Amino acid sequence: MTATSTPADLAGAVRVLRPLLADRLLLAGDAGFAAARQVWNAAVTRQPAAIARCTDGAEISAAVRAARDAGLPLSVRSGGHDWAGRALREGGLVIDLTGMRGVTVDAAGRTATVQGGAITADLLAATTPYGLATATGVVRAVGLAGLTTVGGYGPLIGRYGLSLDNLLGASVVLADGTTVTAGPDDDTELWWALRGGGGNFGVVTELRYRLHEVPSILTGMLMFPLEQGAAVLSGHAEIMAGAPDELSVMTGFLPGPSGPLAFLCPFWCGEPAAGEQAIARLRSLGDPIVDQIGPMPYAAALSMFDRSMVDGNHYLLRTRWLPDVPPPAVDALVTAATEITSPFSALILNRFHGAASRVEPAATAFAQRAPHTVLEVIAAWQPGEPAEPHRAWAESTATALDELALPGGYPNLLGPDDEDRSRDSYGANLSRLLAAKRHYDPDDVFASAVPSLFGQ
Ligand SMILES: Cc1cc2nc3c(=O)[nH]c(=O)nc-3n(C[C@H](O)[C@H](O)[C@H](O)COP(=O)(O)OP(=O)(O)OC[C@H]3O[C@@H](n4cnc5c(N)ncnc54)[C@H](O)[C@@H]3O)c2cc1C
């Protein structure tokens, strides 16, 4: 892959795009530019030259062509939640899909179609009145295209798989500006690559999902003193090793009023009495100081997380895939919680199991289909604070688990500084994925896409 070496012709791109987009083309210095540039992680300082707020596929296609002709680095932004800020490139043109958040539900056919900029909240607001949902992540502000095309771990993973396992098809504007449909009966190689290879092949303008009846789930928060963290994590690992598909449980350490607290956040999407029993077992792992469990609609359950990991702080993430969470991993995590450097930082573990683990590894580009636990090490601090202690904490926490970890990690959470690990995530699928990239984006127009795989 070669990067463009000719000087960028911003004026040329503006000449083409201004008549199409009018004041939806924002240039650095314009009113509204700074707000449009803002992403979830305020530590991202990259300054694009222009932001094209597109509202349909034709505008996206024009923006892709204009950026290429002008030699401008191109990037794509939906929910703005990539921690590494890959939706922005220095001096580049951002294709901003925040004005494309429409959702159409076919309740009888159990499908939903979303535009490329829709966030999780948009989809669930449209499906909840029908008692329907699909497998999403836990945070409602996360963009669906970014989430789904790389993975999509979440509360329904055991029963319905990853978000990408629920995708039925997608429309994509490719690097040459043409539009194609990816699906089981359409462009099948793109269809394979798009389910794990993320934004590397084009701009996704539409995604179609399978929906499921999820009228209500049993969920909430159990929080325990830090001293009970080892028992909570070990017990969680044991319970999840034999967990039914209906049960998913996030665990780890979250900020509390006077230091980190261990937590269990169960999600039960099945028959309620069996859910009560499963949750009683989790509750008995310690003496909860917070115990708020009850039935609620899926979308309401996710709203629990609206105020965690807020926009505007500075963040750095590290991640590992652990096959299991044996005692040495528990010890390392408890040590990390004890040595946490910020009241905003957290350690979160999610188990990949059930339906997600019954998909053949070669069926989609996402390759790690054996049951495993994803560890997220989230260092968070306030603007103005020195980053170094928090960065060092995240690095040493992740490194302490290296010997126990699988190769690779969840590519959505691996930054551009972790490209080798990102490539390792694809195992036997890597060569097919790289071939798809060479085929669909031979000039690496989408060089800053998540996942970072291609040496940019
Ligand atoms: C607070 C928080 C919670 C999270 N929770 C979960 C979770 O529960 N489960 C989980 O699996 N992940 C989770 N993630 C990770 C998240 O899924 C990824 O960071 C994802 O890439 C974010 O997508 P976005 O559209 O919001 O990001 P953006 O920053 O807008 O985009 C990131 C990248 O996605 C690609 N992209 C986005 N939109 C398009 C499009 N329309 N077409 C083509 N490419 C596109 C581009 O490569 C872009 O660089 C979470 C992240 C955060 C910060």
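Residues numbered from 1 in each chain as written. Predicted model: local features only at pLDDT ≥ 70, side-chain atom pairs only at ≥ 80, totals over all residues. Heavy atoms only, no water.

A. Summary view of the overall build of the protein chain. Per the secondary structure count, the protein chain includes 14 helices and 18 strands. Relative to its length of 456 residues, the protein chain is compact, with a C-alpha radius of gyration of 21 Å against a globular reference of 23 Å. With the principal axes as the frame, the protein chain shows a C-alpha extent of 65 × 55 × 40 Å. If you sum the accessible surface of the protein chain, you get close to 17,100 Å²; carbon and sulfur atoms cover 54% of it. Of the side-chain charges in the protein chain, 32 are positive and 47 negative, and the distance between the mean point of each set is 4 Å. (Helix = DSSP H or I, 4+ residues; strand = E, 2+ residues; numbered from the N terminus. Rg over C-alpha atoms; globule rule 2.2 N^0.38 Å. Areas by Shrake-Rupley, 256 points an atom, 1.4 Å probe, with all protein chains shown as cover. Lys, Arg positive; Asp, Glu negative; His and termini not counted. Charge placed at Lys NZ, Arg CZ, Asp CG, Glu CD.)

B. Structural detail: the site of the ligand. In the vicinity of the ligand, 32 residues are found, and the nearest of them are S78, G80, Y153, V204 and Y410. Taking S78, its side chain carries an N or O atom lying 2.7 Å from a nitrogen atom of the ligand. Between the ligand and V138 there is a distance of 2.9 Å, counted from an oxygen atom to a backbone nitrogen or oxygen. Contact with the protein chains covers 95% of the free accessible surface of the ligand, which is 950 Å². Within the residue set of the shell around the ligand, elements represented by two or more residues are β3 (74-77), α5 (144-150) and β10 (202-210). For the shell around the ligand, the residue count by class is 16 nonpolar, 13 polar and three charged. (Near = heavy atom within 4 Å. Polar contact = N/O pair within 3.5 Å; in protein donor to acceptor, adjacent residues only side chain to side chain. Nonpolar A, V, L, I, M, F, W, Y, C, P; charged D, E, K, R; others polar.)

C. Looking closely at the pattern of salt bridges. In the structure shown here, the tally under the stated rule is 20 salt bridges. The closest approach of N and O atoms between R86 and D82, which form a salt bridge, is 2.9 Å. Residue R86 shares its accessibility class with D82, and that shared class is buried. In this structure, R421 engages D402 in a salt bridge whose closest nitrogen and oxygen atoms are separated by 3.9 Å. Taken together, the positions of R421 in helix α13 (residues 419-424) and D402 in the loop between α12 (388-400) and α13 put the pair 19 residues apart, joining distant regions of the chain. The exposure class of D402 is partly exposed, given its relative accessible area of 31%. When salt bridges with common partners are traced through the structure, they connect R320, D402, D418 and R421 into a single cluster. (Salt bridge = Lys/Arg side-chain N within 4 Å of Asp/Glu carboxyl O. Buried < 20%, exposed > 50% of the residue type's maximum accessible area, 1.4 Å probe, protein only.)

D. View of helix α9 (residues 272-283). In this model α9 runs 16 Å from its N-terminal to its C-terminal C-alpha over 12 residues, within 8% of the 16 Å that 1.5 Å per residue would give. Buried residues of α9: G275, A278, I279 and L282, and no others. All buried residues of α9 fall inside an arc of 95 degrees around its axis, so they share one side. Elements that come into contact with the buried residues of α9 comprise β12 (217-224), α8 (229-241), β13 (247-256), β14 (259-268) and β15 (290-296). (Expected span 1.5 Å × (residues − 1). Arc of directions from axis to C-beta. Contact = heavy atoms within 4.5 Å.)

E. A look at the packing of α8 against helix α11 (residues 327-338). Contact pair α8 / α11: the axes reach a minimum separation of 9 Å and the direction vectors enclose 140 degrees. What the angle tells us is that α8 and α11 run oblique. The chirality of how α8 crosses α11 is right-handed. Residue-level inspection shows G229, A230, L233 and S234 of α8 in contact with α11, the latter providing V330, L333 and V334. Broken down by class, the residue content of the contact of α8 with α11 amounts to five nonpolar, two polar and no charged. (Axes fitted to C-alpha atoms, helices over the stretch in contact; angles between N-to-C directions. Parallel < 35°, antiparallel > 145°, perpendicular 65-115°, else oblique. Left-handed = near helix turned anticlockwise from the far one by under 90°.)

F. View of helix α14 (residues 430-440). Here α14 has its buried residues at L430, L433, L434, A436, K437 and Y440. Along α14, the residues classed as buried sweep out an arc of 155 degrees about the axis, all on the same side. Opposite its buried face, α14 presents the exposed residues S431, R438 and H439, each directed more than 90 degrees away. Lining the buried residues of α14 we find β8 (167-174), α7 (188-194) and α13.

G. Seen up close, the pairing of strand β17 (residues 346-352). Burial runs high along β17: seven of the seven residues are buried. Burial of β17 is two-sided: the residues A346, I348, N350 and F352 facing one way and the residues L347, L349 and R351 facing the other way are all buried. Relative to β17, β13 is paired through three bridges, and the arrangement is antiparallel. Bridge pairing in β17 links T251 to L349. Bridge analysis of β17 against strand β18 (residues 372-381) gives seven bridges, and the strand direction is antiparallel. Within β18, the position partnered with R351 by the bridge is T373. (Pairing = 2+ DSSP bridges.)

These figures capture arrangement, not role.
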